[in-house]
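Here is what each chain is made of, one letter per residue.
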Amino acid sequence: MNIKNQQLYGWIGVAVIVIAALWLSLSKKADKQPAQQQQNQNQQQTVQPTDSTPSAKSDVWTGTLQKSDNAAKGNLLLVTSERNIYIRSNRDFSSLIGKKVRVSYEGTWQNFVLGDITLSEQE
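Attention here is on the structure that accompanies the text. (Residues numbered from 1 in each chain as written. Predicted model: local features only at pLDDT ≥ 70, side-chain atom pairs only at ≥ 80, totals over all residues. Heavy atoms only, no water.)

**Topic: the overall build of the chain**
Right, so step 1: Counting its regular elements, the chain contains 2 helices and 5 strands.
Right, so step 2: In the chain, buried positions account for 17% of the 123 residues.
Right, so step 3: A separation threshold of at least 6 residues defines the contact pool for the chain, and within that pool the share at least 24 residues apart is 41%.
Right, so step 4: Summed over its atoms, the accessible surface of the chain is roughly 9,700 Å², and 53% of this surface lies on carbon and sulfur atoms. (Helix = DSSP H or I, 4+ residues; strand = E, 2+ residues; numbered from the N terminus. Buried < 20%, exposed > 50% of the residue type's maximum accessible area, 1.4 Å probe, protein only. Contact = heavy atoms within 4.5 Å. Areas by Shrake-Rupley, 256 points an atom, 1.4 Å probe, with all protein chains shown as cover.)

Given below as C-alpha cells:
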C-alpha cells in the first residue's frame, strides 16, 4: 500500500468516527427529551395546588398591609395571622399601608393572581 492510499483510508476512518459520534450524540439528545418532558410533566403535576388546602379554597386574605422588607419578593407585604405574603403590584396602594385590608386573589398563597386590595371594615 502506498502512502496516498494510507492517507485516504485514514481520512475515511476519521470521517466515519466523526459521523458516528454526531449520530450518537443526537440520538442521546432525542432519548433525553421525552424523559425530560415526562419529568417536567411530573413536576408540573406536583406543583399544581389541590383543593384540600385552605388557602386554595379561599379567595380573600385579611391582614395588615406593609411596605415590603424584601424588594426582590415584592413591593408590598401582607401580614396575616397565618403567614407573611409578599405582593408585587404596579398599582398604588400607599394609602392602605399600615391599615387592615382585604386582599382578593386567585390561586394559592405561593402562586396567585392579585385581584384587589381594599380597606377592611374591621379596624
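This is not the end of the story, as more comes after the structure.
**Quick notes on the environment of Arg-88**
Right, so step 1: Along the chain, Arg-88 turns up in the loop between strand E3 (84-87) and strand E4 (100-107).
Right, so step 2: Once you skip the residues sitting within four places of it in the chain, Arg-88 turns out to touch Ala-71, Ala-72, Lys-73, Gly-74 and Asn-75.
Right, so step 3: A polar contact is formed between the side chain of Arg-88 and the backbone oxygen of Ala-72, at a distance of 2.7 Å. (Polar contact = N/O pair within 3.5 Å; in protein donor to acceptor, adjacent residues only side chain to side chain.)

**Some remarks on a nonpolar patch on the surface**
Right, so step 1: Together, Leu-8, Tyr-9, Ile-12 and Val-16 line one region of the surface with nonpolar side chains, adding up to about 400 Å² of accessible area.
Right, so step 2: Mapped onto the fold, Val-16 is located in helix H1 (residues 3-47). (Patch = residues over 30% accessible without salt bridge, like charges linked within 9 Å, V, L, I, M, F, W, Y side chains within 5 Å. Salt bridge = Lys/Arg side-chain N within 4 Å of Asp/Glu carboxyl O.)

**Some remarks on the packing of aromatic side chains**
Right, so step 1: Under the counting rule described, the total for this entry stands at 3 aromatic pairs.
Right, so step 2: Judged by centre distance (6.2 Å) and plane angle (75 degrees), the ring pair of Tyr-105 and Phe-112 falls under edge-to-face.
Right, so step 3: Look at Tyr-105 and you get buried, because its relative accessible area is 4%.
Right, so step 4: Ring pairs connect the aromatic residues Trp-61, Tyr-105 and Phe-112, which therefore count as one cluster. (Phe/Tyr/Trp six-rings, centres within 6.5 Å; stacked < 30°, edge-to-face > 60°.)

**Looking at the pairing of strand E1 (residues 60-67)**
Right, so step 1: Note that E1 and E4 share 5 bridges and pair antiparallel. By the bridge assignment for E4, Gly-63 is matched with Val-101. (Pairing = 2+ DSSP bridges.)

**Some points on the pattern of salt bridges**
Right, so step 1: The full count for this structure, using the stated rule, is 2 salt bridges.
Right, so step 2: A salt bridge links Arg-83 to Glu-82; the nearest nitrogen and oxygen atoms lie 3.2 Å apart.
Right, so step 3: For Arg-83, a relative accessible area of 26% corresponds to the partly exposed category.
Right, so step 4: Across the salt bridge formed by Arg-91 and Asp-116, the nearest N and O atoms sit 3.9 Å from each other. Highlighted residues: Arg-91 in the loop between E3 and E4 and Asp-116 in strand E5 (residues 112-119), separated in sequence by 25 residues.

**Things to note about the sheet that holds E1**
The pairing of strands in a sheet happens through backbone hydrogen bonds and is either parallel or antiparallel.
Right, so step 1: With antiparallel pairing, 5 strands are arranged side by side in an open sheet as E3-E2-E1-E4-E5. What marks the edges here is a single partner per strand, and that holds for E3 and E5. Ignoring which end each strand starts from, the neighbouring axes of this sheet average 40 degrees apart. (Axes fitted to C-alpha atoms, helices over the stretch in contact; angles between N-to-C directions.)

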